[in-house]
Amino acid sequence: MFSKLVSLAALAAVANAEHWIFGGSKLIAQTRLDSIVNPGALGTHVHAIVGASGFKNTYDPDDLVQSKCTTIPVQPDKSNYWSEQMYHQDQQTKKLTPIPTTFNIYYLVRNGPKNEKIHAFPKGLKMLAGDTTRRTYNASNFADQAVSYVCLDYSGSHGSDPAWAERPDFFEHSCPDGMRAQSHMAYPIQNYNSGDCPDSHPVHLVSLFYEMLVSVDQFPYWGAGSWVLANGDTTGLGHHGDFQNGWDIDLLQEAIDTCTNANGNVMDCPALAAKFDQAAADACVLETSIVNEDIGLTAPISALPGCNPIYNGKPAGPCPQASNPDIVPAQQPLPSGWTELGCIAEGTSGRALPALTMKNANMTKAMCASYCGSQGYKLAGVEFSDECYCDNSVKNGASTNLLAWDQCNNHCAGNNYEICGGAAKLSLLSTGNPGASAPSSSASSVSSAAPRPVSSANTASSISSSATPAHTSAAGTTSASSAGTTSSAASHVLIPVSSAVPSASSSSIISSSSSSIISSSTSAAQPSASSSVPSGSNSTAAPGLPSGWSAAGCAADVPARTLNVDAFTSEQMTVGACVAHCAALGHTLAGLEYARECYCGRAFVNGGGAPLAAAQCDMACTGDAGTVCGGHMALSVFQHTGPAAPVHNRRGHKARHFGRAHAHSDLF
């Protein structure tokens, strides 16, 4: 039972049956591979795939169960579940954008009228439900009945409207809370979702049911053709689902036999609850390969990948000359001589690798290793998706004792198939020969065969275009260069970086052995927390503040930065320097952290800004040992209470290269 979008009515019918749900399961891959229909070759269309990290275009059950992890929270289920990707077609341009998708996976113990024994899936079982070529509906056909759609509207205002009832094809109106596509597998003789097995297939297996939840509410509905399946279908009738078994079969049978009280919640099944590991599911990424082609994840595409002309009610014409893209590793290999050690915690009193840092919106582990190696460092660490840190040893209370692998769970900004650290966690990389790494400012440091990442543009081309000698933005161009690089690690200053998910107008900080490109954000994230300063916290007054400014206490920072509009760092940091910097740019809040970091904004964002005890801000300013400049993820906050000048889109001063003649360095 596969691609039927489950309706509330259908669920009500099984509410009293033993069942459990793997809800909100995220994708392990989006790519044009299908190990069932097109084994060993390219698939015909793009699929959204859930489950085991060892998914390939060939199915070997012994190999699949050796996958490191799965996006299903019960880790011994190393199966894969997939359906075709759904796209939105723009009414004017006709360009196509993949719609965000998750899955709910249902296992239902349906004994049928004969109360037949239910068996676990056997080793090597593959299933396919639905027909990608179908464009008509036969109401008496179980296979057609098993695929349907539900238009989600949680307001309940359309409960009795037949135009909103569950149906076998796409709706003819918008769906305010998204749409569910549902499917079932091989069907009993009485009906598609109950009954007994036919004599030709006497072994009654547990029932499997997919809900593919598609966020169509994020896109405008303009009529037929708004929604397009990856196979070109605009009706929805060609929806289908696939499954390949990777279960620990004994565990699945135990769950079927013993979880009689399970009514949807996995935790009501002791056998499965004992193996439940959401952290591993969240940190799981594809270990294998994808098709090296643009499927629309970074910008709309003009045609569906493969030979899939969009259906308009007439026979499709011939395809243009089809490309034959390569299948490439989903994760970019590290530079020669580099290895990944594992996940470590950040330092307790500062950064674990404070000698040098770089932030890039296309960050990968290979980029970070190349950068640190080109600067002569043996250790590299990636954190918060897009931050890179370098040094020759871990410092500030950090340790090389490895954490559990799933503690690093942030996907790399430049490749969603890689993990780049976590919240105050580093993916640690090491080399014994740092000089062998190519500079990160060279496109040659990135494999030309690097796959197109899920969440960014093609890695090789993006890195090349980002690491040019000047950075251009809508507001203008700022660049700085240096005649050379100092060899002293002590001369590099700690540069924290802003956000794991940069705002749309944020620009990367890129440093290399010959140039530094530092540019500011032209707009800040909208406040997601309080815009007022903390109350009730003790604060330390500081002399020399500009008129209208006063101390406002100690406040919590967050990994994505709660004051994220402008920042700089300095080995001569003082409260007065930070506040003057923020005031000159028209900001009303200034915050100091980690002794040397200054952040500016007009409101706390990203959920930060909660008041802390004064003792949490306990680090002396690098430029004034008698004054406090924040602490570990703690900001000494200063506030301007009068009218503020307009925030400048661009700094009036020229950006300076950090770690060289000028210690002052812009961050954003």
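Residues numbered from 1 in each chain as written. Predicted model: local features only at pLDDT ≥ 70, side-chain atom pairs only at ≥ 80, totals over all residues. Heavy atoms only, no water.

Draft legend 1. Local environment of the sheet that holds strand β2 (residues 27–31). Strand order in the open sheet formed by five strands is β2-β3-β4-β13-β8, with antiparallel pairing between adjacent strands. Strands at the two margins of the open sheet, each flanked by one partner only, are β2 and β8 (126–130). Looking at each pair of strands side by side, their axes are set apart by 15° on average, direction ignored. Where strand β3 (residues 47–51) and strand β4 (residues 80–84) come together, five bridges link them in antiparallel fashion. The partner of His47 across the bridge, within β4, is Glu84. (Pairing = 2+ DSSP bridges. Helix = DSSP H or I, 4+ residues; strand = E, 2+ residues; numbered from the N terminus. Axes fitted to C-alpha atoms, helices over the stretch in contact; angles between N-to-C directions.)

Draft legend 2. The arrangement of the nonpolar core in detail. One finds Tyr81, Tyr107 and Phe121 to be the most contacted residues of the largest nonpolar core, which totals 44 residues. Contributing elements (two or more residues each) for this core: β1 (18–25), β3, β7 (101–109), β11 (207–214), β12 (227–229), α4 (249–258) and α5 (270–273). In this view, Tyr81 contacts Ala48, Ile49, Val50, Ile72, Ile105, Tyr107, Leu208, Tyr210, Asp242, Phe243 and Trp247; residues no more than four positions away in its chain are not counted. Counting residues in hydrophobic clusters, the runner-up holds 18 residues, among them Met363, Cys368, Cys412 and Leu429. (Core = buried A, V, L, I, M, F, W, Y, C linked by side-chain atoms within 4.5 Å. Buried < 20%, exposed > 50% of the residue type's maximum accessible area, 1.4 Å probe, protein only. Contact = heavy atoms within 4.5 Å.)

Draft legend 3. Layout of the sheet that holds strand β20 (residues 387–391). Spatially, β17-β23-β19-β20-β18 is the arrangement adopted by the five strands of the open sheet, whose pairing is antiparallel. Each having just a single partner strand, β17 (338–345) and β18 (356–359) make up the two edges of the open sheet. Shown here is a sheet whose adjacent strand axes are inclined to one another by a mean of 25°, direction ignored. Sheet analysis places strand β19 (residues 379–383) next to strand β23 (residues 425–431), joined by four bridges and oriented antiparallel. Looking at β23, one finds that Gly381 is bridged to Leu428.

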